[in-house]
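As a plain string of letters, each chain reads:
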Amino acid sequence: MMSSLVAYFSATGTTAHVANELARAIGADLFEIVPEQPYTAADLDWRDKTSRSSLEMNDEACRPAIVGHVDTMADYDTVFVGFPIWWYVEPRIIDTFLEAYDFAGTTVVPFATSGGSGLGKAPQRMATLAPGATVTEGRLLNGNPNADELRTWAQGATSC
């Protein structure tokens, strides 16, 4: 594999676990997308229409601030972007991350964790936020995939 980065946002630790395992399995660098204002359990209550996550997801222009920056983004050929599925798409903080860099010529591979839905329109949305990038269809990585499964998937996802 060429130079790869696994960048991820994890609200509860589930996506963090998968991202760490993926980075280890493929020998990629790792970057956690950390919100400037951490999410509380109340913020993540999707049943509450006034919760922070509900308000963010109802606002297409919302871009939650991120702590930190990848100084060497241009060095990566492939960026795996991990997140929990929120309202059938990527959380708005992923939009913040994608709009912060020039991904032209880069392969962006979405991966997600979800309690019950697929990636939905996340790959299509991500492609509009990363012009010039090749955004693959991605995959849900629920459960506990082992290193061989992750390596095989990652190689297939980047051999377009």
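Above this text you will find the structure in question.
Here's a quick rundown of the structure. (Residues numbered from 1 in each chain as written. Predicted model: local features only at pLDDT ≥ 70, side-chain atom pairs only at ≥ 80, totals over all residues. Heavy atoms only, no water.)

This part covers the side chain of Glu 90. Among the structural elements, Glu 90 can be located in the loop between strand S5 (78-84) and helix H3 (92-99). Separated by 3.0 Å, the side chains of Glu 90 and Arg 125 make a polar contact. Among all residues touching Glu 90, those that are not within four sequence positions of it are Met 57, Phe 83, Asp 95, Ala 122, Arg 125, Met 126 and Leu 129. (Helix = DSSP H or I, 4+ residues; strand = E, 2+ residues; numbered from the N terminus. Polar contact = N/O pair within 3.5 Å; in protein donor to acceptor, adjacent residues only side chain to side chain. Contact = heavy atoms within 4.5 Å.)

What follows deals with the environment of Asn 58. Relative to the assigned elements, Asn 58 resides in the loop between helix H2 (52-57) and strand S4 (66-67). Along the primary structure Asn 58 and Ala 23 are separated by 35 residues, whereas in three dimensions their C-alpha atoms are 32 Å apart. There is a polar contact of 3.0 Å between the side chain of Asn 58 and the backbone oxygen of Ser 54.

Another point: the pairing of strand S1 (residues 4-8). Where burial is concerned, most of S1 is hidden: five out of the five residues are buried. Neither face of S1 is open: one carries Ser 4, Val 6 and Tyr 8, the other Leu 5 and Ala 7, and all of them are buried. Two elements, S1 and S5, share five bridges in a ladder whose sense is parallel. Opposite Ala 7, over in S5, you have Val 81 as the bridge partner. (Buried < 20%, exposed > 50% of the residue type's maximum accessible area, 1.4 Å probe, protein only. Pairing = 2+ DSSP bridges.)

In this section: unusual backbone geometry. One non-glycine residue, Trp 87, adopts positive backbone phi at about 55 degrees. In this fold, Trp 87 is placed in the loop between S5 and H3. Note on Trp 87: relative accessible area 36%, which makes it partly exposed.

When you tally the buried positions in strand S6 (residues 107-113), you get seven out of seven residues, the bulk of the element. The side-chain alternation of S6 yields two buried faces, one formed by Thr 107, Val 109, Phe 111 and Thr 113 and the other by Val 108, Pro 110 and Ala 112. Pairing analysis gives seven bridges linking S5 to S6, with the strands arranged parallel. By the bridge assignment, Phe 80 is partnered in S6 with Val 109.

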